[in-house]
Amino acid sequence: MEQQSSPLPTAEQYVDDLYAQDEQLEFVLQSIRDNGMPQISVKRGYGRLLTLLVKMTRAGRVLEIGALGGYSGICLARGLAKGGTLMSLELREEYAKLAHENLTKAGFGNTVTYMTGEALPNLEKLYAHNERFDFFFIDADKGNYPNYLEWAIKLGTPGAIIIGDNTLLHNKVMDPAEQGNNVRRMREFNRMMAEDPRLESVMLTAYDGLTIARIV
Ligand SMILES: C[S@@+](CC[C@H](N)C(=O)[O-])C[C@H]1O[C@@H](n2cnc3c(N)ncnc32)[C@H](O)[C@@H]1O
């Protein structure tokens, strides 16, 4: 009888399997499921990239927009040197609470500060208080990505890194038939990242896309 061969893994599955399970991060994913929250944390490979990039750039002040259960927060905090800090903006109190619990369990409870509510007014507050950051991770409501990018440029120190997640938006950005608000705004974000003279950037197309820029 002819043997059925199992389908090949995707490149992302292959890479994910190459690395040992990360108990702290798996715990976060389980806590998100247990609390009935959306399972939309940053993908494992990009989480590892966040840690590496924070380390490689020696960023001391990191700002995240969209905390959910703290998965990306832990990845970012792991990259910080002693004394580094993470500011995390999250719409929902209950999500920020779980994220803080998870960062505390991971040993980063005193590294992170949460600001809850809509991110835009909080970004304005941070600017007014003269807070500046050298690393940004944008991962909240997609329709505001271009606004978050403008704020990151304003709040960024020279050479700051700005990263946006989900920049392919389930491949909708390439499909001219897709004309919803989030898709149009994500296209606008991608175009800004590619063309804005204040930035130099690269777009990674694994998983759901990740765009990385540096303020020139
Ligand atoms: C994709 S999830 C973030 C995942 C997280 N970065 C991670 O990888 O672990 C998006 C988060 O953005 C939050 N969010 C949505 N709209 C927001 C807004 N206007 N201001 C601040 N946070 C918002 C959601 O509540 C949700 O927790």
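Residues numbered from 1 in each chain as written. Predicted model: local features only at pLDDT ≥ 70, side-chain atom pairs only at ≥ 80, totals over all residues. Heavy atoms only, no water.

The protein chain carries the name O-methyltransferase in an unreviewed UniProt entry, which gives Paenibacillus chartarius as its organism.

### A look at unusual backbone geometry
Even without glycine at this site, His170 takes up a positive phi of about 55°. Overall, His170 belongs to the exposed group, its relative accessible area being 63%. The backbone of Tyr207 shows a phi angle near 50°, a positive value even though the residue is not glycine. Its location among the elements puts Tyr207 in the loop between strand S6 (199-204) and strand S7 (210-215). Overall, the relative accessible area of 22% leaves Tyr207 in the partly exposed class. (Buried < 20%, exposed > 50% of the residue type's maximum accessible area, 1.4 Å probe, protein only. Helix = DSSP H or I, 4+ residues; strand = E, 2+ residues; numbered from the N terminus.)

### Things to note about the pattern of salt bridges
Tallied over the full model, the rule gives 11 salt bridges. Salt-bridge contacts for Glu150 lead to Arg198; the nearest nitrogen and oxygen are separated by 3.1 Å. Of the two residues, Glu150 is situated in helix H7 (residues 145-155) and Arg198 in the loop between helix H8 (181-195) and S6; the sequence distance between them amounts to 48 residues. Residue classification places Glu150 among the partly exposed positions, given a relative accessible area of 33%. Put simply, Glu200 and Arg214 hold a salt bridge, and the shortest N to O gap is 2.8 Å. Here Glu200, found in strand S6, pairs with Arg214, found in strand S7; they are 14 residues apart in sequence, far enough to count as distant. Connected through shared salt-bridge partners, Glu150, Asp196 and Arg198 make up one network. (Salt bridge = Lys/Arg side-chain N within 4 Å of Asp/Glu carboxyl O.)

### What about the site of the ligand?
Surveying the vicinity of the ligand reveals 19 residues, the closest of which are Val42, Gly66, Glu90, Glu118 and Asp139. In this structure, Gly66 approaches the ligand through a main-chain N or O atom, which is 2.8 Å from a nitrogen atom. A distance of 2.8 Å is found between a nitrogen atom of the ligand and a side-chain nitrogen or oxygen belonging to Asp139. Surface burial for the ligand is 92%, taken as the share of its 600 Å² of free accessible area covered by protein chains. Using a 2 Å cut-off from the grid points, one finds that the ligand occupies the largest pocket. Classifying every residue of the shell around the ligand gives 11 nonpolar, four polar and four charged. (Near = heavy atom within 4 Å. Polar contact = N/O pair within 3.5 Å; in protein donor to acceptor, adjacent residues only side chain to side chain. Areas by Shrake-Rupley, 256 points an atom, 1.4 Å probe, with all protein chains shown as cover. 1 Å grid on protein atoms, 1.4 Å probe; cavity = no way out; pocket = protein on both sides within 12 Å on 5 of 7 lines; lining within 4 Å. Sits in = over half its atoms within 2 Å of the grid points. Nonpolar A, V, L, I, M, F, W, Y, C, P; charged D, E, K, R; others polar.)

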